[in-house]
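These are the residues of each chain, in order.
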Amino acid sequence: MASSCATGNGLLTNRSLLKPPSHHRSKRRTLAFTSIRASTESMSSSVVEKLGIKVERNPPEPKLTELGVRKWPKWGCPPSKFPWTYSSKETCYLLEGKVKVTPEGANEAVEIGAGDLVVFPKGMSCTWDVSVAVDKHYNFE
């Protein structure tokens, strides 16, 4: 049995005490939804630079379209480990795969994977350790 308390308007159950008046609820829902949407949109694409490598996780489709990513050539490789030197700046977008890239002289790696937009600087020498086969679009500048 729900408890109730007397007010000037009559009786209210505990449940009705928890609910703000309907005109307040819609404003709060809208504000909460807007806040959640804004925070998830800002979190959906983040750019991080580590060891000279820039990684943008889940860039928005309009950005990929603006860059012309889908028109860039494609390259892929099976799981493997190999050295690589960038003779020019490369921007790539991984469609599939998982890689640990270790720049020469570094004690740590940068992990990249499907959905990442990555920029490697000109002159970087590194080792690619591919744990899941890679399929990517790439562009050299």
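Before any of the text, the structure's been laid out above.
Each value, and the rule that gives it
- Residues numbered from 1 in each chain as written.
- Predicted model: local features only at pLDDT ≥ 70, side-chain atom pairs only at ≥ 80, totals over all residues.
- Heavy atoms only, no water.
- Helix = DSSP H or I, 4+ residues; strand = E, 2+ residues; numbered from the N terminus.
- Buried < 20%, exposed > 50% of the residue type's maximum accessible area, 1.4 Å probe, protein only.
- Contact = heavy atoms within 4.5 Å.
- Areas by Shrake-Rupley, 256 points an atom, 1.4 Å probe, with all protein chains shown as cover.
- Core = buried A, V, L, I, M, F, W, Y, C linked by side-chain atoms within 4.5 Å.

Draft legend 1. Local environment of the overall build of the protein. Broken down by element type, the protein carries three helices and 10 strands. Secondary structure elements of the protein, listed N to C terminal, follow the sequence β-β-α-α-β-β-α-β-β-β-β-β-β. Expressed as a percentage of the 141 residues in the protein, the buried residues total 25%. Relative to all contacts within the protein whose residues are 6 or more apart in sequence, the contacts with residues 24 or more apart total 70%. Total accessible area on the protein is roughly 9,500 Å²; 56% of this is exposed by carbon and sulfur atoms.

Draft legend 2. Spatial organisation of unusual backbone geometry. Notably, Leu-51 is not glycine yet its phi reads approximately 55°, a positive angle. Relative to the helices and strands, Leu-51 is located in the loop between strand 3 (46–50) and strand 4 (53–57). Exposure remark for Leu-51: the relative accessible area of 33% places this residue in the partly exposed category. Positioned with a positive phi, Asn-58 is a non-glycine residue whose angle comes to about 50°. Positionally, Asn-58 belongs in the loop between strand 4 and helix 3 (61–67).

Draft legend 3. Looking closely at the nonpolar core. Among the nonpolar cores identified, the biggest contains 17 residues, and Ile-53, Val-99, Val-101, Ile-112, Val-118, Phe-120 and Trp-128 are the most heavily contacted of them. Secondary structure elements with two or more residues in this core: strand 4, strand 7 (90–103), strand 8 (110–113), strand 9 (116–120) and strand 10 (125–140). Excluding its chain neighbours within four sequence positions, the residues that come into contact with Phe-120 are Ile-53, Tyr-86, Ser-88, Lys-89, Glu-90, Cys-92, Val-101, Ile-112 and Trp-128. Core analysis: the second largest hydrophobic core is formed by five residues, Leu-64, Trp-72, Tyr-93 and Leu-117 among them.

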